[in-house]
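Structural features, examined
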Amino acid sequence: MEEKGLQKKYGLATAVAMVIGIVIGSGVFFKAEKILQATGGDLGEGILSWIIGGIIMVVCAYVFATLATRHEKVNGVVDYAEDMVGTKYGYFIGWFFAVIYFPTLTSVLAWVSARYFGVLMGWDIVGGETMTLAAFFLIAVFCMNTLSPKIAGKFQVSTTVIKLIPLFLMAVLGTIAGLHSGILVENFSQAAVTTTSSQHPLFTAVVATSFAYEGWIIATSINSELKDAKKNLPKALTFGTLFIVLTYVLYYIGLAGTVENAVMMKNGEQGAKIAFMSVFSNIGGTVLFVFVVISCLGTLNGLMMGCVRGLYALAARNMGPNPATFKQVDTRTDMPVNACVMGLGLAALWLLYFYGANLVKVPWFGWFSFDSSELPIVTIYAMYIPIFVQMMRKEKDLGSIRRYVMPFFAICCCLFMVVAAFYAHSKSMAGYLIIFAVIMICGAVFNRAGKH
């Protein structure tokens, strides 16, 4: 093992595939049922929530795309935070990504991938078989990223193509079938089919879309490994996010043309399977549902690409716990193996937490149980705000639209997400904020100890 930088090994295709592939593949299936339940089956309000969530993603991605043309170091978002706000803020952003953001989302995606495989096999989605498979998926994808990152990049591109097949088929054929049968018109014209599960349905639904839309920022984690990053990363962020919004809205409309909203809401995790089988027959629906599982694995792979690089982004700056250990790059795999192993360990711990806090009937952690698939995402939107404010102050050679207008809209989008999260998760917000504060304090202690 020797200390060296990561090599330029990814092209534009991998960057675009990473943006689209990380975002598309799980949340659009996983959160569609929650959005239906939150809005009480109000299809118009559900589509509006997808559009609002998409606008927030596109606006923030555009601003980061502007920063990407001007700053390129080790890890995109940490670079931007460091250059715009300061070294300490950059460290805390990096620490949050490494210890909370990456591992929480990676752990959730391991379970989501196993969940849909369990639906195919008829397993209990929180049973022993599903949780064991979730752990297996986590380890298998980790091994692929750590031992052969080039194969992981190719896997990301191929699964991105595969995952678009069921989405586009459902968007087109589901809409046609719904118009022919009248189900689509009926779902649009009906009022809420049942009592909404939330006092603030639109806010709850938009926060739910945050999980479905999240992941694009992780593409910045391969900033230093991307060929011609200052040109390719902005292209990937801009094109990828616009493509995602269009795909999600069309898929959601197509899904509404397959079965009544009441049926989708009643059947929970089986709803997507029923929808596919109603349009493509039992055999065709099963085959396409296999593609859904593959698409979830593609998203898991993309998240793991960020998870295993989390501590390296800090160590490369001689920050965080024991930088000398975590910035070592293996000469054979061109990967920071020590940082990778720690990333896997953190993801495994958060998978255990997700199970105990969200999947069991009586949460293990009581008051400190929260939805780790949503609140960390909203937190990062709050942490973007100082970056956008400082961008307006510092980037003096930008035009007025890119320097003032777009960052201002991005700040408004971030504030909307924070307010929506307080309405949607008011009961668990205090417990989450305490855990968040403790972890960030630990980060400060480790950073001080690492310097000595």
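Note that this is a predicted model, so its numbers are computed, not measured.

1. Overview of the overall build of the protein
Looking only at helices and strands, the protein features 19 helices and zero strands. For the protein, with 452 residues in total, the buried portion stands at 60%. Taking the contacts inside the protein whose residues are at least 6 apart along the sequence as the reference set, 81% of them involve residues at least 24 apart. Of the roughly 16,800 Å² that the protein leaves accessible, carbon and sulfur atoms contribute 68%.

2. So, the packing of aromatic side chains
Evaluated as defined, the whole model comprises 35 aromatic pairs. Relative to F388, the ring of Y384 lies with its centre 6.0 Å away and its plane at 50°, an arrangement referred to as tilted. Of this pair, Y384 and F388 are both found in helix 17 (residues 375-394), four residues apart, which corresponds to roughly one turn of the helix. On the basis of relative accessible area, F388 is assigned to the buried category, the value being 0%. Members of the aromatic cluster, connected to one another through ring pairs, are F96, F97, Y101, F102, W350, Y353, Y355, W364, F365, F370, Y432 and F436. The aromatic ring of Y116 is capped on one face by R115, whose charged end is 5.1 Å from the ring centroid.

3. Some thoughts on empty space enclosed by the protein
Empty space left among the atoms is revealed by rolling a probe the size of a water molecule over them. For the coordinates displayed, the defined rule picks out four cavities of 30 Å³ or more. A volume near 50 Å³ is recorded for the second largest cavity. Around the second largest cavity, the lining comprises ten residues; the ones closest to its centre are F29, A32, E33, M264 and A272. When residues of the lining of the second largest cavity are traced back to their parent elements, those giving at least two are helix 3 (32-38), helix 11 (229-256) and helix 13 (271-307). Split into classes, the residues belonging to the lining of the second largest cavity amount to seven nonpolar, two polar and one charged.

4. So, the packing of helix 4 (residues 43-68) against helix 10 (residues 201-213)
The contact between helix 4 and helix 10 brings their axes to 8 Å, and the two run at 50°. Between helix 4 and helix 10, the angle is such that the two are oblique. Between helix 4 and helix 10 the crossing geometry is right-handed. From helix 4, E45, L48, S49, W50, I52, G53, G54, I56 and M57 reach across to helix 10, where they touch P201, L202, A205, V206, T209, A212 and Y213.

5. A look at the confidence of the model for the protein
Chain-level pLDDT for the protein is 81 on average; 87% of the residues reach the 70-or-more range. The secondary structure element of the protein with the lowest average pLDDT is helix 2 (residues 27-30), at 68, and the one with the highest is helix 16 (residues 337-359), at 91. Contacts for the low-pLDDT stretch residues 1-5, under 50 throughout, to residues beyond four places or in other chains number 15 contacts.

6. A short note on helix 4
The end-to-end C-alpha distance of helix 4 is 37 Å, a good match for the 38 Å that 26 residues give at a rise of 1.5 Å each. Within helix 4, 19 of the 26 residues are buried, which leaves it mostly tucked inside the rest of the structure. If you check the start of helix 4, you find a side-chain oxygen 3.2 Å away from the backbone N of G44, and it comes from D42.

7. Regarding the pattern of salt bridges
The tally for this structure, following the rule as stated, stands at two salt bridges. Note that R317 and D79 form a salt bridge whose closest N and O atoms lie 2.1 Å from each other. Linking R317 in the loop between helix 14 (310-315) and helix 15 (323-326) with D79 in helix 5 (residues 76-84), this pair joins segments that are 238 residues apart in sequence. The partner of E82 in a salt bridge is R317, and the shortest N-O contact between them spans 3.2 Å. On the criterion of sequence distance, the pair formed by E82 in helix 5 and R317 in the loop between helix 14 and helix 15 is long-range, its members being 235 residues apart. According to the relative accessible area criterion, R317 is buried, its value standing at 16%. Three or more residues are tied together by salt bridges with common partners; here these are D79, E82 and R317.

8. Re unusual backbone geometry
At N318, a residue that is not glycine, the phi angle is positive and equals roughly 60°. Along the chain, N318 falls in the loop between helix 14 and helix 15. Even without being glycine, N322 reaches a positive phi, approximately 45°. Along the chain, N322 falls in the loop between helix 14 and helix 15. Overall, the relative accessible area of 43% leaves N322 in the partly exposed class.

9. Structural notes on the environment of R448
Of note, R448 is situated in helix 19 (residues 426-451). Considering only alpha carbons, one finds R448 and P321, 127 residues apart in sequence, at a separation of 8.3 Å.

10. Quick look at the environment of N318
On the basis of relative accessible area, N318 is assigned to the partly exposed category, the value being 44%. Through-space distance from the C-alpha of N318 to that of N447 is 9.1 Å; in sequence the pair is 129 residues apart. Once you skip the residues sitting within four places of it in the chain, N318 turns out to touch P323 and K327. Looking at N318, its side chain comes within polar contact range of the side chain of K327, at 2.5 Å.

How each quantity is defined
- Residues numbered from 1 in each chain as written.
- Predicted model: local features only at pLDDT ≥ 70, side-chain atom pairs only at ≥ 80, totals over all residues.
- Heavy atoms only, no water.
- Helix = DSSP H or I, 4+ residues; strand = E, 2+ residues; numbered from the N terminus.
- Buried < 20%, exposed > 50% of the residue type's maximum accessible area, 1.4 Å probe, protein only.
- Contact = heavy atoms within 4.5 Å.
- Areas by Shrake-Rupley, 256 points an atom, 1.4 Å probe, with all protein chains shown as cover.
- Phe/Tyr/Trp six-rings, centres within 6.5 Å; stacked < 30°, edge-to-face > 60°.
- Lys NZ or Arg CZ within 6 Å of the ring centre and 35° of its normal.
- 1 Å grid on protein atoms, 1.4 Å probe; cavity = no way out; pocket = protein on both sides within 12 Å on 5 of 7 lines; lining within 4 Å.
- Points joined across faces, edges and corners; volume = space filled by probe spheres on them.
- Nonpolar A, V, L, I, M, F, W, Y, C, P; charged D, E, K, R; others polar.
- Axes fitted to C-alpha atoms, helices over the stretch in contact; angles between N-to-C directions.
- Parallel < 35°, antiparallel > 145°, perpendicular 65-115°, else oblique.
- Left-handed = near helix turned anticlockwise from the far one by under 90°.
- pLDDT = per-residue confidence, 0-100.
- Expected span 1.5 Å × (residues − 1).
- Polar contact = N/O pair within 3.5 Å; in protein donor to acceptor, adjacent residues only side chain to side chain.
- Salt bridge = Lys/Arg side-chain N within 4 Å of Asp/Glu carboxyl O.

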